[in-house]
Amino acid sequence: MSDREPPRRRVPGPARPARPASGQQRRAPGQRPGPGARPARRPAGPRPAPPKVIRLGSPRPPLRLVGVTLTLVLLAFVVRLFQVQAVDASTYAAKADRNRYVGQVLEAQRGGITDRHGLALATTEDAYDITADPTLFAPDELEITDGPEQAAALLAPILGQDQDKLVEKLRPENKALRYVKLAGRQTPQTWKQIKDLKAALAKKAETDKSTTNALAGVFSVPTSKRVYPNNELAAGILGWVNAEGKGGGGIELQLDKRLAGENGKIRYAQSGGRLVPTAGSTETPAVPGDDVELTIDRDIQWAAQNAISKQVEESKADRGYVIVQDTRTGEVLAMANAPGFDPNDLSEADPQALGNAAVQDAFEPGSTAKVLSMAAVLEENAATPGTHVVVPNRLHRGDRLFKDDIDHPTWYLTLNGVLAKSSNIGTILATGQLGSTQARANKVLYDYLRKFGLGSHTGLGFPGETKGILAAPGAWSTSQQYTIPFGQGVSVNAMQAASIYSTIANGGVRVEPTLVRGAKGPDGSFTPAPEPARTRVVSEKTAKTLARMLESVVDDEEGTGTKARIPGYRVAGKTGTANRVDPATGKYHGYTSSFAGFAPADKPRITVYCAIQNATEGSYFGGQICGPVYKQVMEFALKTLQVPPTGAAPADLPVTFAP
């Protein structure tokens, strides 16, 4: 190749217009050539290409597509908005309320129970239910996966509950559950401990973003706790309140509706575990329960419970009961059971001791029931206190050979002596005079037993009360028609037995026993209990005669109740020692020891009944172990109620006669 530069390509310049010929005028721009003018000569060279023209497409189709798309989107929004705002408005509103609002029950304050003087026997104190909102323990709320476990670990030692069970409550199967009770009726101190811990965790979470408040979803609901300030005192009467806040026994169960009042409701908004004041929050206040006033005298109740508890322990007996009753009004002043229980802590109670055995146990009363036979004999004019009764050592009747509790030569007793010495044989002979035939005598005796309340509820209306067992006379076995007159083959509860003696003390008129004097409502108004039913059972003459005969049991040296004497007072009473049916086997095993009576004998005011079941150490005779209990309780009651001695001389009826 040559070092010479290549020849440059000659680029044609723009065409120049041809000059007009000489003598020819130039055209002005835009002037057409005139006629006869020669056309301009084209310049030499290639013809230039025509300029490229770019034409724009029509904008209408794309705009139509965009418009249709936007229209469809807007239409979808409109349809959805219409569905939410109109068609499903109530459904979504309900869902919003469920997520936003929390409803809880406001428990009514339970009414108190007092004795006849207004002294507290059962009260209600402030407490808290510890609750939680499980949805606030979800990972997206706490930003941790083990929120329930952390919370349970903190709460378990405070609440005294199993940690795993708390985790189950905080992580429920129903993921939408907003309310769960972790522990009920906790003391204010317990809630304060949780609240302080919750506040400390919240403060720490504010300063340290790597930590979280595991208790943010734990709350409290104000409630109340049942407290029995006297512990075991009158527990059998009062009963207890269960974990659901309902009466579980005794008066608490019997008058549960009246004591409980009416619960209220509260509905409030919450956000992040905090209450939010809104117009949608509503509250229906709770109505407190009535305060119930019992007929019980707390001091007499204490004396009765103390006396029977000591004797049951000394005798190593299964159980025992003491009832104190006002003979004029039928009001029960004391009803004590041993062993007892503390309703404040049922976890430590013996299941066999729960309840009120004084009205729930049915037992054969034995010789204390002989007063019923004597009442029938006197009322039917079949005999008088001085009627002679020859009592052999053995008596053959039906298919049995009957005897008294001790072997003895032939006794020559008056009817009064039969009662004083508690002769089974003498009682059989006396009741045999009630009819021309044994069947007729049985029917007459049965009618009187029914009038005195045997085989029927006492009228207390107490939960679990037994009517006892009294078969119709046509169903009495060959032996029953001779054992029922002295208290075997028939069963009663302790309240029925006490009511028999109160009827005699009240001049022959039975007054239904009562445990409730009345109730005070939330407005402070007092509503007395209905008047108890009164029924005449025997004449006043018969009742007074029986009272004099019962004095011989205690005052006469040959009587069986000498340990029940009270210096300065005339005392009427009767001992009882009956074969006992063992509830476990249904067979006779051990004894029921008892003593029943009233004082002053000539102007009765108080009845006391004592029974002890299956004494296994020391004496088992009623006069020996129940007589002292009767004396101790009666003395205390007479002094407490300021009942003076009458000062009259005792009846001193004859017990025996010279053959």
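Reading guide: rules and limits
Residues numbered from 1 in each chain as written. Predicted model: local features only at pLDDT ≥ 70, side-chain atom pairs only at ≥ 80, totals over all residues. Heavy atoms only, no water. Axes fitted to C-alpha atoms, helices over the stretch in contact; angles between N-to-C directions. Helix = DSSP H or I, 4+ residues; strand = E, 2+ residues; numbered from the N terminus. Parallel < 35°, antiparallel > 145°, perpendicular 65-115°, else oblique. Left-handed = near helix turned anticlockwise from the far one by under 90°. Contact = heavy atoms within 4.5 Å. Buried < 20%, exposed > 50% of the residue type's maximum accessible area, 1.4 Å probe, protein only. Pairing = 2+ DSSP bridges. Phe/Tyr/Trp six-rings, centres within 6.5 Å; stacked < 30°, edge-to-face > 60°. Patch = residues over 30% accessible without salt bridge, like charges linked within 9 Å, V, L, I, M, F, W, Y side chains within 5 Å. Areas by Shrake-Rupley, 256 points an atom, 1.4 Å probe, with all protein chains shown as cover. Salt bridge = Lys/Arg side-chain N within 4 Å of Asp/Glu carboxyl O. Core = buried A, V, L, I, M, F, W, Y, C linked by side-chain atoms within 4.5 Å. pLDDT = per-residue confidence, 0-100. Expected span 1.5 Å × (residues − 1). Polar contact = N/O pair within 3.5 Å; in protein donor to acceptor, adjacent residues only side chain to side chain. Arc of directions from axis to C-beta. UniProt positions renumbered as here; feature names shortened; annotations may be inferred. Nonpolar A, V, L, I, M, F, W, Y, C, P; charged D, E, K, R; others polar.

Caption draft 1: Expanded view of the packing of helix H12 (residues 370-379) against helix H18 (residues 540-555). Between H12 and H18, the shortest axis-to-axis distance is 10 Å and the interhelical angle comes to 135°. On the basis of the axis angle, H12 is oblique to H18. At the point where H12 passes H18, the crossing takes the right-handed sense. Judged by residue contacts, Val371, Met374, Ala375, Leu378 and Glu379 of H12 engage Thr542, Thr545, Leu546, Met549 and Leu550 from H18.

Caption draft 2: A look at the pairing of strand E5 (residues 218-227). Among the 10 residues in E5, seven count as buried, and that is most of the element. Two strands pair when backbone bridges link them, and strand E3 (residues 120-132) and E5 are joined in this way by 10 bridges, in the antiparallel orientation. Directly across from aspartate 129, in E5, lies its bridge partner valine 221.

Caption draft 3: Spatial organisation of unusual backbone geometry. Residue alanine 338 is joined to proline 339 through a cis peptide bond whose omega torsion reads -5°. Structurally, proline 339 can be placed in the loop between strand E13 (332-338) and helix H11 (357-360). Backbone geometry places asparagine 381, a non-glycine residue, at a positive phi of 55°. Checked against the element boundaries, asparagine 381 lands in the loop between H12 and strand E14 (388-391).

Caption draft 4: Region of interest: the packing of aromatic side chains. Taken as a whole and assessed by the stated rule, the structure comprises 10 aromatic pairs. When the ring of tyrosine 128 is compared with that of tryptophan 191, the centres are 6.4 Å apart and the planes differ by 35°; the resulting orientation is tilted. With tyrosine 128 in strand E3 and tryptophan 191 in helix H6 (residues 188-207), this residue pair connects regions lying 63 residues apart in the sequence. Classification of tyrosine 128 as partly exposed rests on a relative accessible area of 24%. A residue is classified by how much of its surface remains accessible, and tryptophan 191, at 10% relative accessible area, is buried. Feature note: the residues Phe402, Tyr482 and Phe486 constitute an aromatic cluster, connected by ring pairs.

Caption draft 5: A look at the environment of leucine 550. Along the chain, the position of leucine 550 falls in helix H18. Residue leucine 550 is classed as buried on the basis of its relative accessible area, which comes to 0%. Sequence separation of leucine 550 and alanine 572 is 22 residues, and the distance between their C-alpha atoms is 4.7 Å. Excluding residues within four positions of it along the chain, leucine 550 makes contact with Val371, Leu419, Tyr501, Val571, Ala572, Gly573, Lys574 and Phe598.

Caption draft 6: Up close: a nonpolar patch on the surface. On the surface, Val68, Leu72, Leu75 and Val79 cluster together into a nonpolar patch covering about 370 Å² of accessible area. Residue position: leucine 75 is located in helix H1 (residues 60-87). Judged by relative accessible area, which is 48%, leucine 75 ranks as partly exposed.

Caption draft 7: Local environment of the pattern of salt bridges. Tallying each qualifying case throughout the model produces 21 salt bridges. Of the charged contacts, one joins arginine 110 and aspartate 256 as a salt bridge, the two residues approaching to 2.9 Å between their closest N and O atoms. Of this pair, arginine 110 sits in the loop between strand E1 (101-106) and strand E2 (113-114) while aspartate 256 sits in helix H9 (residues 256-260), placing them 146 residues apart in sequence. Residue classification places arginine 110 among the buried residues on the basis of a relative accessible area of 7%.

Caption draft 8: Quick peek at the sheet that holds strand E22 (residues 572-581). In space, the five strands of this open sheet follow the order E13-E12-E24-E23-E22, with antiparallel pairing throughout. Either end of the sheet is taken by a strand with one partner, and the two such strands are E13 and E22. The sheet shows a mean angle of 10° between the axes of neighbouring strands, direction not considered. Pairing geometry for strand E12 (residues 319-326) and E13, over six bridges, is antiparallel. Considered in E13, the bridge of valine 322 is made with alanine 336. Strands E12, E13 and strand E24 (606-613) of the sheet are contacted by helix H10 (residues 298-315), whose axis makes an angle of about 25° with E13. Packing of helix H20 (residues 627-640) onto the sheet brings it into contact with E12, E22, strand E23 (588-599) and E24, and relative to E23 it is tilted by some 30°.

Caption draft 9: Spatial organisation of the nonpolar core. Ranked by internal contacts, the top residues of the largest apolar core, which has 89 residues, are Leu294 and Met335. If one sorts the elements of this core by residue count, helix H17 (residues 494-505) sits on top with eight residues. With residues up to four places along the chain from it excluded, the contact list for methionine 335 reads Ile237, Ile296, Gln301, Val322, Ile323, Asn356, Ala358, Val359, Leu460, Met495 and Leu515.

Caption draft 10: Inspection of the confidence of the model for the protein at higher detail. Here the protein shows a mean pLDDT of 87. Residues at 70 or above account for 85%. Counting contacts from residues 1-5, a segment whose pLDDT is below 50, to residues more than four positions away or on other chains yields zero contacts.

Caption draft 11: Focus on H17. Relative to the 16 Å expected for 12 residues at 1.5 Å per residue, H17 spans 17 Å between its end C-alpha atoms, a close match to the ideal helical length. Buried residues dominate H17, accounting for 12 of its 12 residues. Structurally, the start of H17 carries an N-cap: the backbone nitrogen of methionine 495 is 3.0 Å from a side-chain oxygen of asparagine 493.

Caption draft 12: Spotlight on H20. Taking 1.5 Å per residue as the helical rise, H20 with its 14 residues ought to reach 20 Å, and the 20 Å between its terminal C-alpha atoms agrees with that figure. Here H20 has its buried residues at Gly627, Val629, Tyr630, Val633, Met634, Ala637 and Leu638. Angularly, the buried residues of H20 cover 150° about the axis, an arc narrow enough to put them on a single face. Each element contacted by the buried residues of H20 is listed here: H10, E12, E22, E23, E24 and helix H19 (622-625). Once H20 ends, the next one or two residues include glutamine 642, with phi positive near 55°.

Caption draft 13: Inspection of the UniProt feature "transmembrane region" (unreviewed entry) in the protein at higher detail. UniProt marks residues 62-82 with the feature "transmembrane region" (unreviewed entry), using the numbering shown here. In the segment residues 62-82, helix accounts for 100% and strand for 0%; the C-alpha atoms at its two ends are 30 Å apart.

Caption draft 14: Up close: the pairing of E13. For E13, the tally of buried residues reaches seven of seven residues, placing the bulk of the element in the interior. Following E12, the chain reverses through five residues before pairing antiparallel with E13; glycine 330 in that reversal takes a positive phi of roughly 80°.

Caption draft 15: Structural context of the packing of H12 against helix H15 (residues 438-451). H15 packs onto H12 with a crossing angle of 115° between their chain directions and a minimal axis gap of 9 Å. You can see that H12 and H15 cross each other, and the crossing is right-handed. For the pair formed by H12 and H15, the contact residues are Leu372, Ser373, Ala376 and Glu379 on the first element and Leu445, Tyr448 and Leu449 on the second. Looking at the contact of H12 with H15 residue by residue, the classes come out as five nonpolar, one polar and one charged.

Caption draft 16: Local environment of the environment of lysine 316. Summarising the element assignment, lysine 316 is placed in the loop between H10 and E12. Given the relative accessible area of 49%, lysine 316 is considered partly exposed. The sequence separation of lysine 316 and glutamine 613 amounts to 297 residues, and the corresponding C-alpha distance is 9.6 Å. Once you skip the residues sitting within four places of it in the chain, lysine 316 turns out to touch Asn614, Thr616 and Glu617.

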